[in-house]
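# Fold and geometry: a report
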Amino acid sequence: AALDIGHDLGHAILNARTFEREHELVEELQALDAYKGQLIATVAHELKNPLTSVLGHLEMLDASPDLSGPTRGSLATMERGAQRMVRVIEDLLLLAKVGDANTPLISVPVDLHRILEDVVDLSTMAARHKDISLVVDSPTDPVLALGDPDELDRICGNLVSNAVKYTPEGGTVTVTLSRRADRVELSCADTGIGIAPEDLDRLGTEFFRSSNPEAVAQPGTGLGLAIVQRIVERHGGELVVESELGRGSVFRVTLPAA
Ligand code: ADP
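All values reported here derive from a predicted model rather than from experimental measurement.

### Things to note about the confidence of the model for the chain
- Per-residue confidence for the chain averages 93 on the pLDDT scale, and 99% of its residues sit at or above 70.
- When pLDDT is averaged over each element of the chain, strand E7 (residues 248–256) comes out on top at 98 and helix H1 (residues 2–62) at the bottom at 87.
- Taken together, the chains of this predicted complex give a pTM of 0.87 and an interface ipTM of 0.98.

Right, dumping it as structure tokens:
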């Protein structure tokens, strides 16, 4: 019996040490993650100011009356490039902000129905261009979630614009809003290219883009869903994705109701 006690004690000490080491590792990883967020935010911030100045000067040059056709063409190409960079930088700044546990969360009642109307309006042109039917299925009275209006707008905007982007001509995108007890659910379903099972777990990782050639053919940075995932998490919500390659995808977000 004495031997057994010694043996058990040895095990207990070993377990305690392993636990302590694991705890340290988790803390080190959290510190590294926070450092990564700060690095991204600082770099993005430092790039934004000079880029805004470049854009201003390009616009000024563009306004001058005596430019040749080719020069005007070059200016327009530079302006498009710079505007794209500004969008990427703004996404990086937002990602750093919503990924930072110290960023306070605004928590007010937000009518998702209203937000969805605006978001769908913005995507209508792109959908029409590809002959995609964009269907909204929602109660007509307010569907109130609790959270930050701008961040919830971002969730809806990113999901709907992705659905339109990754759905080929003639497809359908259906956005559904519903209330479930103390939660509200937003689902965005498309009949698009779908996502391979091995990619599903990586969708919320920053910069992840599927290697599926049909997906690569679309412009993007791989930041949109990482932003959505972090916003959902900090609101105490949940994001579930179901998808089948070549058939389509459903992105379901549940959020606390107001
Ligand atoms: P982006 O669209 O800028 O590449 P996202 O973070 O929004 O970045 O999406 C990450 C990847 O997830 C995309 O590159 C694409 O491969 C895949 N994806 C996102 N939404 C859909 C969708 N509705 N259908 C198919 N694939 C999608």
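Next, the rest of the story.
### Re the site of the ligand
- Surrounding the ligand, one finds 21 residues, the nearest of these being Asn162, Tyr166, Arg209, Thr221 and Leu225.
- In this structure, an oxygen atom belonging to the ligand sits 2.7 Å away from a side-chain N or O atom of tyrosine 166.
- The contact in question runs from an oxygen atom of the ligand to an N or O atom on the backbone of glycine 224, over 3.2 Å.
- Elements with a minimum of two residues in the shell around the ligand: helix H4 (149–165), helix H7 (224–234) and E7.
- Looking at which element gives the most residues to the shell around the ligand, the answer is H4, with three residues.
- Of the residues contributing to the shell around the ligand, the split by class is ten nonpolar, eight polar and three charged.

### Details of a negative patch on the surface
- A surface patch of like charges, here negative, comprises Glu117, Asp118, Asp121, Asp150 and Asp153.
- Going through the elements one at a time, helix H3 (112–129) and H4 are the ones with two or more residues in the negative patch.
- The element that contributes the greatest number of residues to the negative patch is H3, accounting for three residues.
- Tracing the backbone through its elements, the reader meets aspartate 153 in helix H4.

### Some remarks on the UniProt feature "domain: Histidine kinase" (unreviewed entry) in the chain
- Mapped onto the present numbering, the UniProt feature "domain: Histidine kinase" (unreviewed entry) falls on residues 42–258.
- Counting secondary structure, residues 42–258 comes out at 49% helix and 21% strand; the distance between its end C-alpha atoms is 35 Å.

### Some thoughts on the sheet that holds E7
- Spatial strand order, E2-E4-E5-E7-E6: five strands in an open sheet with mixed pairing. Strands with a single pairing partner mark the edges of an open sheet, and in this sheet they are strand E2 (133–137) and strand E6 (238–244). When the angles between neighbouring strand axes are averaged without regard to direction, this sheet yields 10 degrees.
- Most of the contacts of H3 go to E2, to which it runs at about 170 degrees, and overall it touches E2, strand E4 (172–180), strand E5 (183–190) and E7.

Analysis parameters
- Residues numbered from 1 in each chain as written.
- Predicted model: local features only at pLDDT ≥ 70, side-chain atom pairs only at ≥ 80, totals over all residues.
- Heavy atoms only, no water.
- pLDDT = per-residue confidence, 0-100.
- Helix = DSSP H or I, 4+ residues; strand = E, 2+ residues; numbered from the N terminus.
- Near = heavy atom within 4 Å.
- Polar contact = N/O pair within 3.5 Å; in protein donor to acceptor, adjacent residues only side chain to side chain.
- Nonpolar A, V, L, I, M, F, W, Y, C, P; charged D, E, K, R; others polar.
- Patch = residues over 30% accessible without salt bridge, like charges linked within 9 Å, V, L, I, M, F, W, Y side chains within 5 Å.
- Areas by Shrake-Rupley, 256 points an atom, 1.4 Å probe, with all protein chains shown as cover.
- Salt bridge = Lys/Arg side-chain N within 4 Å of Asp/Glu carboxyl O.
- Lys, Arg positive; Asp, Glu negative; His and termini not counted.
- Charge placed at Lys NZ, Arg CZ, Asp CG, Glu CD.
- UniProt positions renumbered as here; feature names shortened; annotations may be inferred.
- Pairing = 2+ DSSP bridges.
- Axes fitted to C-alpha atoms, helices over the stretch in contact; angles between N-to-C directions.
- Contact = heavy atoms within 4.5 Å.

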